[in-house]
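# Coordinate inspection notes
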Amino acid sequence: MLPPPKKKCWESMAKGLVLGALFTSFLLLLYSYAVPPLHASPASTTLEATVPCSPAPGEPEAVTPANGSAGGCQPRRDIVFMKTHKTASSTLLNILFRFGQKHGLKFAFPSGRNDFDYPSFFTRSLVQDYQPGACFNIICNHMRFHYDEVRSLVPPNATFITVLRDPARLFESSFHYFGSVVPFTWKLSGHDKLAEFLQDPDRYYDPNGYNAHYLRNLLFFDLGYDSNLDPSSPQVQEHVLEVEHRFHLVLLQEYFDESLVLLKDLLCWELEDVLYFKLNARRDSPGPRLSGELYRRATAWNMLDAHLYRHFNASFWRRVEAFGRERMAREVAALRRANERMQRICIDGGQAVDAAAIQDSAMQPWQPLGTKSILGYNLKKSIGQRHAQLCRRMLTPEIQYLMDLGVNLWVTKLWKLIRDFLQW
């Protein structure tokens, strides 16, 4: 075999040197970012004055859902959304961004990136421009939940919500989205890596491995609990009941429209406030969806999440019964009609498209490493003045919307530059 041309070798060496310099610079910047300012260190926050949002002595005040009668409630504006991964949470995030922007509310945003230093636990010092005593209306970016730290930043009667998804389906989505950044999956050599992993997950899984949390009991992890607990441990049920006690509403991704109807009722919002387009959705896999034995294996591998999901699936439908099945059907139908109308008004072609077909860079969603599997939209060129602003806001991906809201995303931007340079 002939040796490679010298020009190729020099090009390869030059690219390697540039990559090394960029990577070193990136690590140094991350280090400087990771060291919190003295006034915001985790150790000091426990002693800070937190007026007017001091932690409540007990659990959050009960929230009474609206009864649907005219003048029966006031719109709630203080909201904590515990944003879980791969659960349609980006779509719900867009709803909260729009509501907060519309009403001039104060967000607690991360600094430098689009999450609160995930997968580390949330601390209030991670909030952009945080000062002791700061009070916020909405907290909604990705974090690893720490109740006391979050509680200290919002009024005592703030509404806490989160969203869950069938654990097997969530695992499938997380495996495809995050698998390339979980090193133990690199050992998988077959064509169907997901099926290969599920045949013997203990052979590959390392609970202490880098990014391992993405591939087992991700809901439990996001909510701040140990995702490697023995499923028979009494702590599992204790944690589930703690979630039930702290959160006023747990939405379900599989019943997203019904969940939004319950949310609208709970918060006393208008129908327009909960209109949505599906954001950050993955292109359908060319292979078959997880089914049969693989679905069973995925559920068993994520048994903590399965326990959590079953509990809140049951409580969700009790809540629907209390709301009224017929009333629910009417409101879901109204929501879907309104969404379809906005789809006709806003979206060029009427549906989501592959990343390569998106014409405006401001509409390009963030993509996982190594693939462009996340769909996006093209905004219609001619939209009436009445709907132009709403259409653009409904279609704007998370990263761009955060920048529109004034969030400093220098770490995210730097990472994007490196990815673009390396064509990742």
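Counting restarts for each chain, with residues numbered from 1 along the sequence as it is written. Only residues with pLDDT of at least 70 are given local features in this predicted model, and only at 80 or more are side-chain atom pairs given and counted; all residues enter the totals for whole chains, interfaces and linings. Water and hydrogen atoms play no part in the side-chain values, which are based on all heavy atoms of the structure.

Identification of the protein as Galactosylceramide sulfotransferase from Galeopterus variegatus is taken from an unreviewed UniProt entry. In its Subcellular location (unreviewed entry) section, the UniProt record describing the protein reads: "Golgi apparatus membrane". UniProt positions are given in the numbering used here, feature names are shortened, and annotations may be inferred rather than shown by experiment.

Comment: elements are numbered from the N terminus, with helices defined as DSSP H or I runs of at least four residues and strands as E runs of at least two. Helix and strand counts for the protein come out as 16 helices and 5 strands. In the protein, which comprises 424 residues, the share counted as buried stands at 50%. Note on contacts: a residue pair qualifies if any of its non-hydrogen atoms lie within 4.5 Å across the two residues. Sequence separation of 24 or more characterises 76% of the internal contacts of the protein that already satisfy a separation of 6 or more. Working definition: with a 1.4 Å probe on protein chains only, accessible area under 20% of the residue-type maximum means buried, over 50% means exposed, and in between means partly exposed.

For two strands to count as paired, DSSP must find a minimum of two bridges between them. Read from one edge to the other, the open sheet built from 5 strands follows the order 2-3-1-4-5, with strand pairing classed as parallel. Looking along the sheet, the strands with just one partner apiece sit at the ends: strand 2 (107–108) and strand 5 (249–252). With 2 bridges joining them, strand 1 (residues 79–82) and strand 3 (residues 138–139) adopt parallel strand pairing. Residue pairing across strands places Ile79 opposite Ile138, the latter belonging to strand 3. Angular values range over 0 to 180 degrees, each being the angle between N-to-C directions of two axes fitted as lines to C-alpha atoms, with helices fitted over their stretch in contact. Contacts between helix 3 (residues 89–102) and the sheet are confined to strand 1, strand 2, strand 3, strand 4 (159–164) and strand 5, with strand 1 contributing the most and set at about 160° to the helix. Sitting on the sheet, helix 10 (residues 256–267) is in contact with strand 1, strand 4 and strand 5, with an inclination near 155° to strand 5.

Let us now look at the pattern of salt bridges. In what follows, salt bridge is the name for a side-chain nitrogen of Lys or Arg lying within 4 Å of a carboxyl oxygen of Asp or Glu. Per the counting criterion, the structure on display carries 15 salt bridges. Through salt bridges that share partners, Lys264, Asp265, Arg327 and Glu331 make up one connected network.

In this scheme, a helix's expected span is set at 1.5 Å multiplied by one less than its residue total. Look at helix 5 (residues 167–178): 15 Å from first C-alpha to last across 12 residues, which is about the 16 Å you get at 1.5 Å a residue. The complete set of buried residues in helix 5 reads Pro167, Ala168, Leu170, Phe171, Glu172, Ser173, Ser174, Phe175, Tyr177 and Phe178. On the buried face of helix 5, the contacting elements are helix 6 (193–199), helix 8 (218–222), helix 11 (292–301) and helix 12 (303–323). Regarding helix 5, its N-cap is Asp166, as a side-chain oxygen of that residue lies 2.9 Å from the backbone nitrogen of Ala168 further along. What qualifies as a polar contact is a pair of N or O atoms within 3.5 Å, subject to a donor-acceptor requirement within protein and to the restriction that residues adjacent in sequence count only when both atoms come from side chains.

Sulfur atoms of two cysteines make up a disulfide when they are within 2.5 Å. Evaluation of the coordinates by the stated rule reveals 2 disulfides. Disulfide pairing is shown between Cys73 and Cys268; the S-S distance is 1.9 Å. With the S-S bond torsion at 75°, the cross-link from Cys73 to Cys268 turns out right-handed. Remark: Cys268 occurs in the loop between helix 10 and helix 11 and Cys73 occurs in the loop between helix 2 (42–45) and strand 1; sequence separation between them is 195 residues. For Cys73, a relative accessible area of 25% gives the class partly exposed.

This part is about the environment of Phe220. As for its position among the elements, Phe220 is in helix 8. Taking the C-alpha atoms as reference, Phe220 lies 9.8 Å from Arg144; in sequence the two are 76 residues apart. Once you skip the residues sitting within four places of it in the chain, Phe220 turns out to touch Tyr225, Asp226, Leu229, Val236, His239, Val240, Leu304, Asp305 and Leu308.

Take the packing of helix 3 against helix 10 next. Helices that pack against each other are described as a pair by the angle of their axes relative to one another and the distance between those axes. Where helix 3 meets helix 10, the axes come as close as 12 Å, and the angle between the chain directions of the two elements is 30°. Of the possible angle classes, the one that applies to helix 3 and helix 10 is roughly parallel. Judged by the sense of rotation from one axis to the other, the crossing of helix 3 with helix 10 is right-handed. Counted together, Thr91, Leu92 and Ile95 of helix 3 and Phe256, Leu260 and Leu263 of helix 10 form the full contact between these two elements. Note on angle classes: values under 35 degrees are labelled roughly parallel, values over 145 roughly antiparallel, values of 65 to 115 roughly perpendicular, and the remainder oblique. Each crossing is labelled by how the near helix is turned from the far one, with a counterclockwise turn of less than a right angle marking it left-handed and a clockwise turn marking it right-handed.

Going from Tyr118 to Pro119, the amide bond is cis rather than trans, its omega being 10°. Its location among the elements puts Pro119 in the loop between strand 2 and strand 3. Its identity as a non-glycine residue notwithstanding, Asp129 has a phi of 60°, on the positive side. Looking at the element boundaries, Asp129 is found in the loop between strand 2 and strand 3. Among the residues examined, Asp129 registers a relative accessible area of 67% and is labelled exposed.

Alternating residues of strand 5 divide into Leu249 and Leu251 and Val250 and Leu252, and every residue in both groups is buried. Across 4 bridges, the pairing between strand 4 and strand 5 is parallel. When the bridges of strand 5 are listed, Leu164 appears paired with Leu252.

The next point concerns the nonpolar core. Note on soluble globular proteins: their nonpolar side chains tend to be buried together. For our purposes a nonpolar core is just a set of buried Ala, Val, Leu, Ile, Met, Phe, Trp, Tyr and Cys residues, chained together by side-chain atoms within 4.5 Å. Ranked by internal contacts, the top residues of the largest apolar core, which has 114 residues, are Leu92, Ile139, Phe160, Phe171, Phe197, Leu260 and Leu308. Among all residues touching Leu260, those that are not within four sequence positions of it are Leu92, Ile95, Leu251, Val274, Tyr276 and Leu335.

Further remarks concern the packing of aromatic side chains. Describing an aromatic ring pair means giving the distance of the ring centres and the angle of the ring planes. Put simply, two rings from Phe, Tyr or Trp (the six-membered ring, in Trp's case) pair if the centres are within 6.5 Å, and we call them stacked under 30 degrees between planes, edge-to-face over 60, tilted for the rest. Per the stated rule, a full pass over the model turns up 28 aromatic pairs. An angle of 45° between the planes, with centres 5.6 Å apart, marks the rings of Tyr147 and Phe160 as tilted. Linking Tyr147 in helix 4 (residues 147–151) with Phe160 in strand 4, this pair joins segments that are 13 residues apart in sequence. Phe160 shares its class with Tyr147; the two are buried. Between Tyr177 and Phe178, the ring centres sit 4.8 Å apart and the planes meet at 75°, which makes this aromatic pair edge-to-face. Judged by its relative accessible area of 13%, Tyr177 falls in the buried class. Residue Phe178 is classed as buried on the basis of its relative accessible area, which comes to 10%. What links up through ring pairs into an aromatic cluster is the set Phe171, Phe175, Phe184, Phe197, Tyr204, Tyr205 and Trp301. Counting as a charge over the ring demands two things of the Lys NZ or Arg CZ atom: a distance within 6 Å of the ring centre and an angle within 35 degrees of the ring normal. The positively charged end of Lys106 is found above the aromatic ring belonging to Phe136, 4.8 Å away from the centroid.

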